[in-house]
Amino acid sequence: CAMAGELLYRPVEWSRNMIIGFLIYSMGGGGAERTVSLLSEKFCRQGCSVMIYVLEGGRPAYPLASGVRIKICQVSEKEKRAGRFLKRSRTLAAYLRQDGIQVLFTVSISMIPYALASVAGTACKVIGCERSNPYNLSFMHRLAVKFLTPFCDGYLFQTEGAKAFYPLRTQKKSAVIANMAPEYQKERIHPKEISICSAGRLHPDKDFVTLLKAFRIFQKKYPQSTLTIYGDGMLKQELVRLSEKLGIKTKVLFQGFVENILDEFNRHMMFVFSSKSEGMPNALIEAMSTGLPCISADCCFGPGELIQNGVNGWLGDAQKMAERMEWVVEHPVEAEQMGHRAGKIQETNSGKEIVRRYLEYIDWVLNREHGKVR
């Protein structure tokens, strides 16, 4: 990982028995929530204690390690915005003191004000995380980037492109660490039918409209083919209507949120990712981990740091997706080899390696406060 201006430091044992907190809006289905679930489990395996603080309750969409606890900073919606902020901040501050949190990760820009207000007067360090494309942030969030992120004790980015958006003061104490790949050892299933899959929130940023239009072109040549989309979101009904308008409704299945997504991916012939804005796409990482041939739009940011075009997947213009999909069908041997190379992401982005980088970065944040940076 690119570590805080390439400063040299000596990892110490502070991260063992560390009490770590995550601050996130909720633990529903989504890439950030999935990452928190995975990191929590890995941290626990390293002997750390982990707490997750959420602003809204609800059943977690992803399984959590037995030692991980969730606490809710929920307030009545009848409260005015300022009142909600103050009450949530006070509740969070009480939790942090009660639990003895040493490091608090904020999983989005909108969580930073709560974190900074809650750690005032404590030894708890705040590490911000950028998990999306910052160039798409709202005006208010851009103000937070400019004026609040420099007050964080550290900052984590998934890509160099996202890091470049932030103030130099924030960049100097930051690190770039990619998302981890899940461990998946099951043998690849090679279906006889032509089945395509994709996954993500049904949101404009994911651009499933382009995917449906590409599939329609592909369908004309391979009418027996099917497309399965995993995920929920605001655009579901609109996308269903579009598939009907395009004449492919019977060939497109909107599967919704599923827990065993890796097994679901494994039963398809290929994975197609049409997103036009990303941080570091978990869905693409997961699909690559199963050994699927993957086709992705070359959006900012993430896919270009995961896929070497023509080697471990196809990366490029979203409008050429149908051509790439045809290539996978017409070149089964080469596609299988491409999928095998994609599966190597389990080594480069292994949970062990990613968590090691996280723990070393935590050590760096703590040691720089104690004059131990080397």
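Let me sum up the structure you'll find in this document.

Conventions and cut-offs
Residues numbered from 1 in each chain as written. Predicted model: local features only at pLDDT ≥ 70, side-chain atom pairs only at ≥ 80, totals over all residues. Heavy atoms only, no water. Core = buried A, V, L, I, M, F, W, Y, C linked by side-chain atoms within 4.5 Å. Buried < 20%, exposed > 50% of the residue type's maximum accessible area, 1.4 Å probe, protein only. Helix = DSSP H or I, 4+ residues; strand = E, 2+ residues; numbered from the N terminus. Contact = heavy atoms within 4.5 Å. Phe/Tyr/Trp six-rings, centres within 6.5 Å; stacked < 30°, edge-to-face > 60°. Lys NZ or Arg CZ within 6 Å of the ring centre and 35° of its normal. 1 Å grid on protein atoms, 1.4 Å probe; cavity = no way out; pocket = protein on both sides within 12 Å on 5 of 7 lines; lining within 4 Å. Points joined across faces, edges and corners; volume = space filled by probe spheres on them. Nonpolar A, V, L, I, M, F, W, Y, C, P; charged D, E, K, R; others polar. Salt bridge = Lys/Arg side-chain N within 4 Å of Asp/Glu carboxyl O. Pairing = 2+ DSSP bridges. Axes fitted to C-alpha atoms, helices over the stretch in contact; angles between N-to-C directions.

**Examining the nonpolar core**
Link 1 in the chain: Membership of the largest hydrophobic core comes to 34 residues, with the highest contact counts inside it found for L212, I229, M270 and M325.
Link 2 in the chain: No other element matches helix α7 (residues 208–221), which puts six residues into this core.
Link 3 in the chain: Not counting the four nearest positions on each side in its chain, L212 is found in contact with L227, I229, L239, L242, S243, L246, I248 and V252.
Link 4 in the chain: Grouped together as the second largest cluster of nonpolar side chains are 32 residues, F43, V107, V355 and L366 included.

**Quick notes on the packing of aromatic side chains**
Two numbers describe a pair of aromatic rings. These are the distance of the centres and the angle of the planes.
Link 1 in the chain: Tallied over the entire structure, the rule returns 21 aromatic pairs.
Link 2 in the chain: Among the aromatic residues, those joined into a ring-pair cluster are Y135, Y155, F157, F165, Y166 and F301.
Link 3 in the chain: The cationic tip of R169 hangs over the ring face of F151; the distance from NZ or CZ to the ring centre is 5.9 Å.
Link 4 in the chain: Lying across the ring of W314, R324 places its NZ or CZ 3.9 Å from the centre.

**Considering helix α12 (residues 321–330)**
Link 1 in the chain: Most of α12 sits inside the fold, with seven of its 10 residues counted as buried.
Link 2 in the chain: When α12 is considered as a whole, its buried residues turn out to be M321, A322, M325, E326, W327, V328 and V329.
Link 3 in the chain: Contacts made by the buried residues of α12 are with β9 (195–199), α7, β12 (270–273), β13 (294–297), β14 (314–316) and α13 (332–342).

**Focus: the layout of surface pockets**
Link 1 in the chain: By volume, the largest pocket amounts to about 1,400 Å³.
Link 2 in the chain: Along the walls of the largest pocket sit 47 residues, with G30, G31, A32, E33 and R201 positioned nearest its centre.
Link 3 in the chain: Those elements that provide at least two residues to the lining of the largest pocket are α1 (31–45) and α10 (282–289).
Link 4 in the chain: Among the elements that make up the lining of the largest pocket, the one with the highest residue count is α1 (four residues).
Link 5 in the chain: Each residue belonging to the lining of the largest pocket can be placed in one class, and the counts come to 17 nonpolar, 19 polar and 11 charged.

**Here we look at the pattern of salt bridges**
Link 1 in the chain: Scanning the model with the defined rule gives 15 salt bridges in all.
Link 2 in the chain: A salt bridge links E330 to K221; its shortest N-O distance comes to 2.7 Å. Here E330 is found in helix α12, whereas its partner K221 is found in helix α7, with 109 residues between them in sequence.
Link 3 in the chain: Classification of K221 as partly exposed rests on a relative accessible area of 46%.
Link 4 in the chain: Bridged by salt links that share partners, the residues E353, R356, R357 and E360 form one connected network.

**What about the side chain of T159?**
Link 1 in the chain: Inspection of the secondary structure puts T159 in the loop between β7 (154–157) and α5 (160–163).
Link 2 in the chain: In contact with T159, other than residues within four places in its own chain, are V176, G279, M280, F301, G302 and E305.

**Side note on the sheet that holds β12**
Link 1 in the chain: With parallel pairing, the six strands of this open sheet are ordered in space as β11-β10-β9-β12-β13-β14. The sheet is open, and its two borders are formed by β11 (252–256) and β14, each paired with just one other strand. In this sheet, adjacent strand axes meet at a mean angle of 20° when their direction is disregarded.
Link 2 in the chain: In this structure, β12 lies alongside β13, joined through three bridges in parallel fashion. Bridging from a neighbouring strand, V272 pairs with I295 of β13.

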